[in-house]
Amino acid sequence: MPIRFILKQIFMPPGLLLLLLLLGFVLRRRYPRFSIACFFSGFLGLLLMSLPVTVEWGARQLEPQEALKQAEWATLAQRADAIVVLGAGRVRGDRAWDEDQPGLMARERIRYAARLAKASGLPVLMSGGLHYGTPPSEARIMARSLLDDYGVPARWEEGRSRTTWENAQFSAQVLHEAGIRRVVVVTSAIHMPRSVWSFEKAGFEVVPAPAGYIGTDDAVPLGGWLPDGRSIWQSGQLLNEAIGLVGYRLFYR
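Residues numbered from 1 in each chain as written. Predicted model: local features only at pLDDT ≥ 70, side-chain atom pairs only at ≥ 80, totals over all residues. Heavy atoms only, no water.

## Overview of the layout of surface pockets
Step number 1: In this structure, the largest pocket spans a volume of roughly 2,100 Å³.
Step number 2: Taken together, 48 residues line the largest pocket, and the ones lying closest to its centre are Arg 4, Phe 5, Lys 8, His 131 and Asn 240.
Step number 3: Those elements giving two or more residues to the lining of the largest pocket turn out to be helix 1 (3–11), strand 2 (90–94), helix 6 (104–120), helix 8 (164–177) and helix 10 (229–251).
Step number 4: With 11 residues, the single largest contributor to the lining of the largest pocket is helix 10. (1 Å grid on protein atoms, 1.4 Å probe; cavity = no way out; pocket = protein on both sides within 12 Å on 5 of 7 lines; lining within 4 Å. Points joined across faces, edges and corners; volume = space filled by probe spheres on them. Helix = DSSP H or I, 4+ residues; strand = E, 2+ residues; numbered from the N terminus.)

What follows is the structure, given as structure tokens:
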């Protein structure tokens, strides 16, 4: 397991917030003021992350792209030459299927890409590497789902990438050889700003095709001020994207 993955789990919420709570407990006698600050920082951080209203506000900052209108789907071939679908993890050894399956976010992207491909006739490239360091790649799993579940074959599979930057760079190696420099990028709405930036840096003209918006009012109880387990996971995704946007501009120039 890569060390960067372990460090990310520890120093990104909720791991960091749980660490603060632990420090608040362990240091309560030797450093009472510091321990109180740690405890309340961890508690308030977890509380904020658990609120749907926090997710809704944060997502709206990271979901600037408008969704493609269904009327535009059939004319995508006038604006692009291929559809690129970005991986989003996998479920290893899914017992219902007796084999690896795409993760929930990946399935959402696959479904949307299938609709776009059928409407536009554009060829599809799947991009995603070895999520657990062992085959099959995310690209292979997604391509299999695209064909088996929606009857759409993937023309290309890019199975080496581990990051969004690598999605773009390795996809460019495949598609530029085929003379393709205009692509429809399919990914989650909160992931789209970082994806567009990465693919443009790789020399593509990008048509964003975001799916899975979370910055919406789902009519949750008490206007979103009641803690919710799903919101903690979504808040983590938002933080990851916000940090990624800043980090990419600093390290990938």
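## Side note on the sheet that holds strand 4 (residues 124–127)
Step number 1: Strand order across the open sheet formed by five strands is 5-4-1-6-7, with parallel pairing between neighbours. Two strands close off the open sheet at either side, each with one partner strand: strand 5 (156–158) and strand 7 (205–211). Neighbour-to-neighbour, the strand axes of this sheet turn through a mean angle of 25°, independent of strand direction.
Step number 2: As judged from the three bridges shared by strand 4 and strand 5, these two strands associate in the parallel manner. Bridge assignment links Met 126 to a residue of strand 5, and that residue is Glu 157.
Step number 3: Contacts from helix 6 reach strand 1 (82–86), strand 4, strand 6 (182–188) and strand 7, with the element oriented near 145° to strand 6. (Pairing = 2+ DSSP bridges. Axes fitted to C-alpha atoms, helices over the stretch in contact; angles between N-to-C directions. Contact = heavy atoms within 4.5 Å.)

## Notes on the nonpolar core
Step number 1: Residues Ile 83, Leu 116, Met 126, Val 184 and Val 186 are the most contacted members of the largest nonpolar core, which totals 26 residues.
Step number 2: Elements with a contribution of two residues or more to this core: strand 1, helix 6, strand 4, helix 7 (138–150), strand 6 and strand 7.
Step number 3: Ignoring anything within four residues of it in the chain, the contact list for Val 186 reads Ile 83, Val 84, Val 85, Leu 86, Arg 109, Tyr 112, Ala 113, Leu 116 and Ala 209. (Core = buried A, V, L, I, M, F, W, Y, C linked by side-chain atoms within 4.5 Å. Buried < 20%, exposed > 50% of the residue type's maximum accessible area, 1.4 Å probe, protein only.)

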